[in-house]
Amino acid sequence: SAVISQKPSRDICQRGTSLTIQCQVDSQVTMMFWYRQQPGQSLTLIATANQGSEATYESGFVIDKFPISRPNLTFSTLTVSNMSPEDSSIYLCSVEGGEGRPLHFGNGTRLTVT
Amino acid sequence: GENVEQHPSTLSVQEGDSAVIKCTYSDSASNYFPWYKQELGKGPQLIIDIRSNVGEKKDQRIAVTLNKTAKHFSLHITETQPEDSAVYFCAAMDSNYQLIWGAGTKLIIKP
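About the cut-offs
Residues numbered from 1 in each chain as written. Chains lettered and ligands numbered in written order. Predicted model: local features only at pLDDT ≥ 70, side-chain atom pairs only at ≥ 80, totals over all residues. Heavy atoms only, no water. Helix = DSSP H or I, 4+ residues; strand = E, 2+ residues; numbered from the N terminus. Contact = heavy atoms within 4.5 Å. Pairing = 2+ DSSP bridges. Axes fitted to C-alpha atoms, helices over the stretch in contact; angles between N-to-C directions. Core = buried A, V, L, I, M, F, W, Y, C linked by side-chain atoms within 4.5 Å. Buried < 20%, exposed > 50% of the residue type's maximum accessible area, 1.4 Å probe, protein only. Salt bridge = Lys/Arg side-chain N within 4 Å of Asp/Glu carboxyl O. pLDDT = per-residue confidence, 0-100.

1. Observations regarding the environment of glutamine 51 of chain A
Residues and elements named next belong to chain A. Turning to its location among the elements, glutamine 51 is positioned in the loop between β5 (43–50) and β6 (56–57). Taking the C-alpha atoms as reference points, glutamine 51 and cysteine 93, 42 residues apart in sequence, are found 15 Å from one another. Other than its neighbours up to four places away in sequence, glutamine 51 contacts Thr30, Arg70, Pro71, Asn72 and Leu73.

2. Remarks on the sheet that holds strand β3 (residues 19–25) of chain A
Residue and element names in this part refer to chain A. Strand order in this open sheet of four strands is β1-β3-β8-β7, and the pairing throughout is antiparallel. The sheet terminates laterally at β1 (4–7) and β7 (68–72), the two strands that pair on one side only. For this sheet, the mean inter-axis angle between neighbouring strands, taken without regard to orientation, is 15 degrees. Pairing analysis gives six bridges linking β3 to strand β8 (residues 75–80), with the strands arranged antiparallel. The partner of threonine 20 across the bridge, within β8, is threonine 79.

3. Some points on the nonpolar core
Generally speaking, a soluble globular protein has its nonpolar side chains buried in company with each other. Ranked by size, the top nonpolar core spans 26 residues in total, and within it Trp34, Ile46, Phe66, Ile68, Leu78, Tyr91 and Leu111 of chain A carry the most contacts. Of all elements in the fold, only β3, β4 (31–37), β5, β8, β9 (89–96) and β11 (109–113) of chain A reach the threshold of two or more residues within this core. Per-element accounting of this core gives the leading share, four residues, to β3 of chain A. Every residue in contact with tyrosine 91 of chain A, bar those within four places of it in the chain, is listed here: Gln6, Ile21, Tyr35, Arg36, Ile46, Phe66, Leu78, Val80, Gly108, Thr109 and Leu111 of chain A. Membership of the second largest hydrophobic core comes to 24 residues, among which are Ala19, Tyr25, Ile47 and Ile50 of chain B.

4. What to know about the pattern of salt bridges
This structure, assessed with the given rule, holds three salt bridges over all chains. Taking the shortest distance from any N to any O, the salt bridge between aspartate 87 of chain A and lysine 65 of chain A comes out at 2.6 Å. In this pair, aspartate 87 of chain A sits in the loop between β8 and β9 while lysine 65 of chain A sits in the loop between β6 and β7, placing the two residues 22 residues apart along the sequence. Aspartate 84 of chain B is the salt-bridge partner of arginine 61 of chain B, the closest N and O atoms lying 2.9 Å from each other. One end of the pair, arginine 61 of chain B, is in the loop between β6 (56–59) and β7 (62–67); the other, aspartate 84 of chain B, is in the loop between β8 (72–77) and β9 (86–93), and 23 residues separate them in sequence. On the accessibility criterion, aspartate 84 of chain B (5% relative accessible area) is buried.

5. Describing the sheet that holds β8 of chain B
Residues and elements named next belong to chain B. The strand order β1-β3-β8-β7-β6 describes an open sheet built from five strands, whose pairing is antiparallel. Edge positions in the open sheet fall to β1 (4–7) and β6, since each of these has one partner strand only. For this sheet, the mean angle separating the axes of adjacent strands, direction not counted, is 15 degrees. Bridge count for β1 against strand β3 (residues 19–25) is four bridges, and the pairing is antiparallel. If you follow glutamate 5 over to β3, its bridge partner there is threonine 24.

6. Looking at the confidence of the model for chain A
Looking at chain A as a whole, its pLDDT mean stands at 92, while 95% of the residues score no less than 70. Here strand β10 (residues 102–105) of chain A stands out as the least confident element of chain A, with mean pLDDT 78; strand β2 (residues 10–13) of chain A is the most confident, with 98.

7. Focus: the pairing of β7 of chain A
All names here are of chain A. Both β7 and β8 contribute to a ladder of three bridges, which runs antiparallel. Note that in β8 the partner of asparagine 72 across the bridge is phenylalanine 75. Counting the residues between successive antiparallel strands, the hairpin from β7 to β8 contains two residues.

8. Here we look at the environment of serine 28 of chain B
Residue and element names in this part refer to chain B. Relative to the helices and strands, serine 28 is located in the loop between β3 and β4 (32–38). A relative accessible area of 61% means that serine 28 is categorised as exposed. C-alpha separation for the pair serine 28 and serine 52, spaced 24 residues apart in sequence, amounts to 9.9 Å.

Okay, structure coming up:
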């Protein structure tokens, strides 16, 4: 199974600033997914990132707030822009396990916005 | 669109007993149903999955059953151990190949 490394593992940020989260995979994958998980809640898909094309955002998420880069088949970044306390959450990177199924997750980035 | 409901939200069982978590889905076209285990401070880990062309799948102490007619699927854990304590999520893949997640079940194993 794929090994996924996310950085940073946690951060405390001030409102109005931006944070870029990195996701590195140990094998080439076509599809990568970014999720948000609020404390004690289930997972919500933010966007799907394919290499060489623009990310596809889910309803309620926009590129200006969550810009995503996917420069190659093993790496992606998610930026949380102009942060507010409501952005405090766990952000998870996930990679395709085949046939479009996100099977593998990183350990997440725990973001607190003060 | 697809909707997944998961019950119970919290389940407390005695060590050694069995635990059952149930999920229902709404989209009859859904054909893939994974279960994930999330331990504190970690990302979700796939523990077992089932496709719509089978009714049951087992992996040691873990099993998943699927009833397509009733549109529900369940996770069964036998001989529970302290390390089974975690949050468990079910999910269903809808006709757009998106995973729709249940709300999660916090499983507590009492010693």
